[in-house]
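Structural characterization, general
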Amino acid sequence: MTVAGDGGGIATLGRVPAVGWAGTSMTTLGAASGALPGGAGDGSNTIGQRPPLAHAALPRLHQSQQATEVQSHAESRRHRALDQPDHRRTEVFEADDQSVIDLLYWEDVKKTGTLFGAIILTLFSLTQFSSISVLAYLALSALSLTISLRLYTSVLHLLYKTQEVHPFQSYLDLDICFSQEQLRKYSEATVLYLTSSVDHLRRLILVEDLLDSLKFGVLLWLLTYIGALFNGLTVTILVVVGVFIVPLIYRKHKAQINQYLGLLRGQIKDLTAKIQAKLPGSRPKVE
């Protein structure tokens, strides 16, 4: 674009596009080779002026820093919460283990006796009847008992005009669902036991250690005699009786039992070491 001056001179105005702070395009006009008459002494004419970028970016930078600090604080607080041990969950698991121990040691004779008698009665019933018949009779007996109690409370409500209370309301309101932590704990324990058992069985069958494989073979040979003398239900009954009786006997005669077990363990260890030294391909175990 050309502009004519008073003296016939021609000045060329260059158009330079510029982007302002708000995103609008502004035009800065500058003098080219010659200055216009009556123009500024510095030889330039500016139509628009760009606002300072540093001052405009300060609020956004401050807000971004605040958001980053809040996010980092929340992350650190979440990590601290995850790292802290869950004392309540630990107490629940310890309480469950303690209740099982108290049950096996006959701390509550009524509760342990009821459970022991029910298991033994069920196992003896399985030796005489089929499993379907035993399960059907057990369910029918339980249903008869609950219906009788329910009818009894309803009759009392009609006779005495009292508030009817369901006899099993506390059991109906009982939460039987497992939490996520309990499911994770039990699933991890189950997987750990299964993988450990499979790994140990693999080492025995594939003869990683010759002495251990021979001991496993002797155990299987003894089990053939046990299977010839007893069936599975009889062995199960013996195991249940041992689970409920052996801990009680052990607590009463703990010192004598530990003494004899220590002597027996020492003799077995010496005999195992002698056999292992004579067998080829056996490796001494690291204590």
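Residues numbered from 1 in each chain as written. Predicted model: local features only at pLDDT ≥ 70, side-chain atom pairs only at ≥ 80, totals over all residues. Heavy atoms only, no water.

1. Focus: the overall build of the protein
Of the regular secondary structure elements, the protein holds nine helices and three strands. Reading the protein from its N end, one meets helices and strands in the order β-β-β-α-α-α-α-α-α-α-α-α. The contacts of the protein with a sequence gap of at least 6 include a subset with a gap of at least 24, amounting to 39%. (Helix = DSSP H or I, 4+ residues; strand = E, 2+ residues; numbered from the N terminus. Contact = heavy atoms within 4.5 Å.)

2. Examining helix 7 (residues 210-229)
For helix 7, with 20 residues, the first-to-last C-alpha span of 29 Å sits near the 28 Å given by 1.5 Å per residue. The set of residues buried in helix 7 consists of Leu211, Asp212 and Ser213. Check the buried side of helix 7 and you find it contacts helix 6 (180-205) and helix 9 (254-278). Taking the backbone nitrogen of Leu211 as reference, a side-chain oxygen 3.2 Å away marks Asp209 as the first, capping residue of helix 7. (Expected span 1.5 Å × (residues − 1). Buried < 20%, exposed > 50% of the residue type's maximum accessible area, 1.4 Å probe, protein only. Polar contact = N/O pair within 3.5 Å; in protein donor to acceptor, adjacent residues only side chain to side chain.)

3. Description of the packing of helix 3 (residues 109-128) against helix 8 (residues 232-252)
Contact pair helix 3 / helix 8: the axes reach a minimum separation of 10 Å and the direction vectors enclose 170°. Between helix 3 and helix 8, the crossing angle belongs to the class labelled roughly antiparallel. The segment helix 3 lies against helix 8, with Thr112, Leu115, Phe116, Ile119, Ile120, Leu123, Phe124, Leu126 and Thr127 engaging Leu233, Thr236, Ile237, Val240, Val241 and Phe244. Here the contact of helix 3 with helix 8 is built from residues that sort into 12 nonpolar, three polar and no charged. (Axes fitted to C-alpha atoms, helices over the stretch in contact; angles between N-to-C directions. Parallel < 35°, antiparallel > 145°, perpendicular 65-115°, else oblique. Nonpolar A, V, L, I, M, F, W, Y, C, P; charged D, E, K, R; others polar.)

4. Considerations on the confidence of the model for the protein
On average, residues of the protein score 74 in pLDDT, and 64% of them reach the 70 mark or higher. Put simply, strand 3 (residues 25-31) is where the protein has its lowest mean pLDDT, 38, and helix 6 is where it has its highest, 93. Scored below 50 in pLDDT, residues 1-57 shows 45 contacts in the model against residues more than four places distant or in partner chains. Under a pLDDT of 50 for its full length, residues 78-93 has, in the predicted model, five contacts with residues more than four places off or in other chains. (pLDDT = per-residue confidence, 0-100.)

5. So, the nonpolar core
One finds Phe116, Ile120, Leu123, Ile237, Val240 and Phe244 forming the largest nonpolar core, which totals six residues. At the level of elements, helix 3 and helix 8 are the ones that each hand at least two residues to this core. In contact with Leu123, other than residues within four places in its own chain, are Leu233, Thr236, Ile237 and Val240. (Core = buried A, V, L, I, M, F, W, Y, C linked by side-chain atoms within 4.5 Å.)

6. Considering the pattern of salt bridges
Two side chains carrying opposite charge are able to pair once their charged atoms lie near each other. Summed over all chains, the structure comprises seven salt bridges. Linking Arg184 and Glu188 is a salt bridge whose minimum nitrogen-to-oxygen distance equals 3.3 Å. Taken together, the residues span about one helical turn, with Arg184 and Glu188 both in helix 6 at a distance of four residues. Accessibility expressed as a relative area gives 46% for Glu188, which makes it partly exposed. (Salt bridge = Lys/Arg side-chain N within 4 Å of Asp/Glu carboxyl O.)

7. A closer look at the side chain of Asp209
Summarising the element assignment, Asp209 is placed in the loop between helix 6 and helix 7. Judged by its relative accessible area of 8%, Asp209 is buried.

8. Looking at unusual backbone geometry
Positive phi, normally seen in glycine, also occurs at Trp106, with a value near 60°. Its identity as a non-glycine residue notwithstanding, Val207 has a phi of 55°, on the positive side. Along the polypeptide, Val207 turns up in the loop between helix 6 and helix 7.

9. Topic: the side chain of Thr112
One can find Thr112 in helix 3. Judged by its relative accessible area of 0%, Thr112 falls in the buried class. Sequence-distant contacts of Thr112, that is, excluding residues within four places in its chain, are made with Asp102, Leu103, Trp106 and Phe244.

10. Regarding the packing of aromatic side chains
To describe a pair of aromatic rings, you give the distance between the ring centres and the angle between the ring planes. Taken as a whole and assessed by the stated rule, the structure comprises four aromatic pairs. Taken together, a centroid distance of 6.1 Å and an interplanar angle of 65° make the contact between Trp106 and Phe116 edge-to-face. Pair noted here: Trp106 is in the loop between helix 2 (87-104) and helix 3 and Phe116 is in helix 3, with a separation of 10 residues, a long-range link. Assessed through its relative accessible area of 18%, Phe116 is described here as buried. Where Phe116 meets Phe244, the ring centres are 5.1 Å apart and the plane angle is 50°; that geometry is what we call tilted. Taken together, the residues Phe116 in helix 3 and Phe244 in helix 8 connect sequence positions 128 residues apart. Taken together, the ring pairs in this structure connect Trp106, Phe116 and Phe244 into an aromatic cluster. (Phe/Tyr/Trp six-rings, centres within 6.5 Å; stacked < 30°, edge-to-face > 60°.)

11. Overview of the packing of helix 3 against helix 4 (residues 131-160)
Close contact between helix 3 and helix 4 brings their axes to 8 Å; oriented N to C, the two are set at 140°. Relative to helix 4, the element helix 3 lies oblique. In terms of crossing hand, the pair formed by helix 3 and helix 4 is right-handed. Listed contacts from helix 4 to Thr122, Ser125 and Leu126 of helix 3 are Ser131, Val134 and Leu138. (Left-handed = near helix turned anticlockwise from the far one by under 90°.)

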